Structures are given as structure tokens and as C-alpha cells.
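The residues making up each chain are set out below.
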Amino acid sequence: MNKQNYLVKFIKKIYLTINRLIKNNLNKLNSNNFFKITKSNKFFLSLLVIIVLFLLYLLIPNIYSKNEISLKLNDKLQKRFNLQFNLSQNLEYNIFPRPHFIFRNSSISKDQIEISKIDKLIVYISLNNLFSYKNFKIKDLILEKLNFNLNNKTYNFFTKLLEGEFQNGNLIIKDSNIFYKNKEDEVLFINKILNMKYFYDNKN
């Protein structure tokens, strides 16, 4: 853990130093000297270093424990959407097209009772601060192949979702099924969700 902290602090120090240098040089940049700078070997070398460091910055989440990430994101999701997510530790992290975690075989519970299974749950996070998993900010959430059991106890699930925080991100449900059940837990009919999107409308 100490080695992880040292590596993160080292990358952060370099990142901040380069960021400061870029700002200082941009202030001095004008149309007259721009083309001179771009023709310089130092420019391309600096650009290469910046790209490498940025990629290292994006890869920082790979350093952290999957268990710690799962617990922290689970807590953040619960507070944001007012839902009891049960994120599995079977997760992977990708940086393209933007940083996100993929959780396999997760679920949603209500009053300690499982009401939905999620084959694939994708959590997109902000680029703002990747130096600590505690500071990860959730942007978009995508639920794929969700099988939801709807009955007299869970009928208000989708309306309650509207109480969640969508101003800084979206909730998308894809390729999923809703099973409508009666009191005897018998399936009455099934509704297919191809693409449902919850989002914040700035105009309304």
C-alpha cells in the first residue's frame, strides 16, 4: 500500500509541475512565436512526455484494490440514486472512450431483498481527480441486461429513480426485461426495455 501511495504521489507531483509549466508557457504564447515553437524538437519531446504522463494518470485506478473501489462506488451510487446496489468484485477498468468501470453479475436490492439482477453495469467516472479512489466522481451509469421483478412492493421503482441526482450525469438502461408478477409471484407479462435514459433537462 505504501508503494502505491508513493507512486500516486510521484505521478501527481509530475502532473502538477507540467500543468504549471504549460500554463506559464501558454501565457507567453502568441501568433508570432507559435510556429517557431512547433518546429522545435523540444516541443515534440514535451508533447510526447505530456501524452505519456496523461496516460499514466488515466491508468492510476488500476493501482487500487478492486474491493476498495467496489465498496466506495457502491456507497456513492446508493447516495446518489437512493438504491441499494450490490456491486460484485468482478470488475475491470478501461480508459477508452473515457474512464469507466465494468461490473459483472451485480444486483439491486430493496429492504435486503434482491429485486433485480444486472448482467453488466458500467460506471463512468470524471477525469477531475483520479489520484484517490475516494474522490472518484460518478458521471454516467449504464445498466445492461437487467432483469427486474416488478410487483406490488416494487411498482414505484422507476418513479423513485426520478428523485436521484441526474444533473451531472445520466442513467441508461439497455436491453433489459421487466417481469410483472402478481401476489403469488407468478409472471403476468414481460416488458422489454431497449434503451431508457434518465437525464437532467437544463431547459425544463
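Remember, it's a predicted structure, so these values are computed and weren't measured experimentally.

**Student:** Hey, could you run me through the overall build of the chain in this one?
**Tutor:** Scanning the chain from N- to C-terminus turns up 5 helices and 7 strands. Looking at the chain as a whole, 37% of its 204 residues qualify as buried. Considering only contacts in the chain between residues 6 or more positions apart, those separated by 24 or more positions represent 56%. Summed over its atoms, the accessible surface of the chain is roughly 13,500 Å², and 54% of this surface lies on carbon and sulfur atoms.

**Student:** What should I look at first to understand the pattern of salt bridges in this one?
**Tutor:** Pairing of side chains with opposite charge becomes possible as their charged atoms draw close. Summed over the entire model, instances satisfying the criterion amount to 5 salt bridges. Here Asp75 ties to Lys79 by a salt bridge, and the two come within 3.4 Å at their closest N and O atoms. You can see Asp75 and its partner Lys79 sitting in helix 4 (residues 66–81), 4 residues apart, about one turn around the helix. Take Asp75: its relative accessible area is 30%, and that puts it in the partly exposed class.

**Student:** Looking at this structure, how should I read the pairing of strand 4 (residues 113–125)?
**Tutor:** Every other side chain in a regular strand lies on the same face of the sheet, so the side chains alternate between the two faces. As judged from the 10 bridges shared by strand 3 (residues 100–110) and strand 4, these two strands associate in the antiparallel manner. The residue bridging Lys110 from the neighbouring strand is Ile113, located in strand 4. Relative to strand 5 (residues 138–150), strand 4 is paired through 8 bridges, and the arrangement is antiparallel. Bridged to Ile118 within strand 5 is Leu146.

**Student:** Is there a simple way to think about a nonpolar patch on the surface in this case?
**Tutor:** A surface patch of nonpolar side chains, about 380 Å² in accessible area, is lined by Leu47, Ile51, Leu55 and Phe96. Mapped onto the elements of the fold, Phe96 is located in the loop between strand 2 (91–94) and strand 3.

**Student:** How should I be thinking about the layout of surface pockets in this particular structure?
**Tutor:** Remark: the empty space left among the atoms is shown by a probe the size of a water molecule rolled over them. Quantified by volume, the second largest pocket comes out at close to 210 Å³. Around the second largest pocket, the lining residues are Lys110, Asp111, Ile113, Glu114, Ile115, Asn149, Asn151, Lys153, Thr154, Lys181 and Asp185. Of all the elements, strand 4 adds the most residues to the lining of the second largest pocket, at 3 residues. Of the residues that constitute the lining of the second largest pocket, the class distribution is 2 nonpolar, 3 polar and 6 charged.

**Student:** For this particular structure, what's the right way to read the side chain of His100?
**Tutor:** The residue His100 is located in strand 3 in this model. What makes His100 buried here is its relative accessible area of 5%. Within the structure, the side chain of His100 is placed 2.8 Å from the backbone oxygen of Arg98, a separation counted as a polar contact.

**Student:** What should I look at first to understand the confidence of the model for the chain in this one?
**Tutor:** A low pLDDT means the predicted coordinates there should not be read in detail. With 74% of its residues at a pLDDT of at least 70, the chain reaches an overall mean of 79. Model confidence for the chain, summarised as mean pLDDT per element, is weakest for helix 2 (residues 31–38) at 54 and strongest for strand 2 at 92.

**Student:** Quick question: what am I supposed to make of the pairing of strand 5 here?
**Tutor:** As paired strands, strand 5 and strand 6 (residues 171–181) are joined by 8 bridges and run parallel to one another. If you follow Asn147 over to strand 6, its bridge partner there is Asn177.

Cut-offs applied
Residues numbered from 1 in each chain as written. Predicted model: local features only at pLDDT ≥ 70, side-chain atom pairs only at ≥ 80, totals over all residues. Heavy atoms only, no water. Helix = DSSP H or I, 4+ residues; strand = E, 2+ residues; numbered from the N terminus. Buried < 20%, exposed > 50% of the residue type's maximum accessible area, 1.4 Å probe, protein only. Contact = heavy atoms within 4.5 Å. Areas by Shrake-Rupley, 256 points an atom, 1.4 Å probe, with all protein chains shown as cover. Salt bridge = Lys/Arg side-chain N within 4 Å of Asp/Glu carboxyl O. Pairing = 2+ DSSP bridges. Patch = residues over 30% accessible without salt bridge, like charges linked within 9 Å, V, L, I, M, F, W, Y side chains within 5 Å. 1 Å grid on protein atoms, 1.4 Å probe; cavity = no way out; pocket = protein on both sides within 12 Å on 5 of 7 lines; lining within 4 Å. Points joined across faces, edges and corners; volume = space filled by probe spheres on them. Nonpolar A, V, L, I, M, F, W, Y, C, P; charged D, E, K, R; others polar. Polar contact = N/O pair within 3.5 Å; in protein donor to acceptor, adjacent residues only side chain to side chain. pLDDT = per-residue confidence, 0-100.

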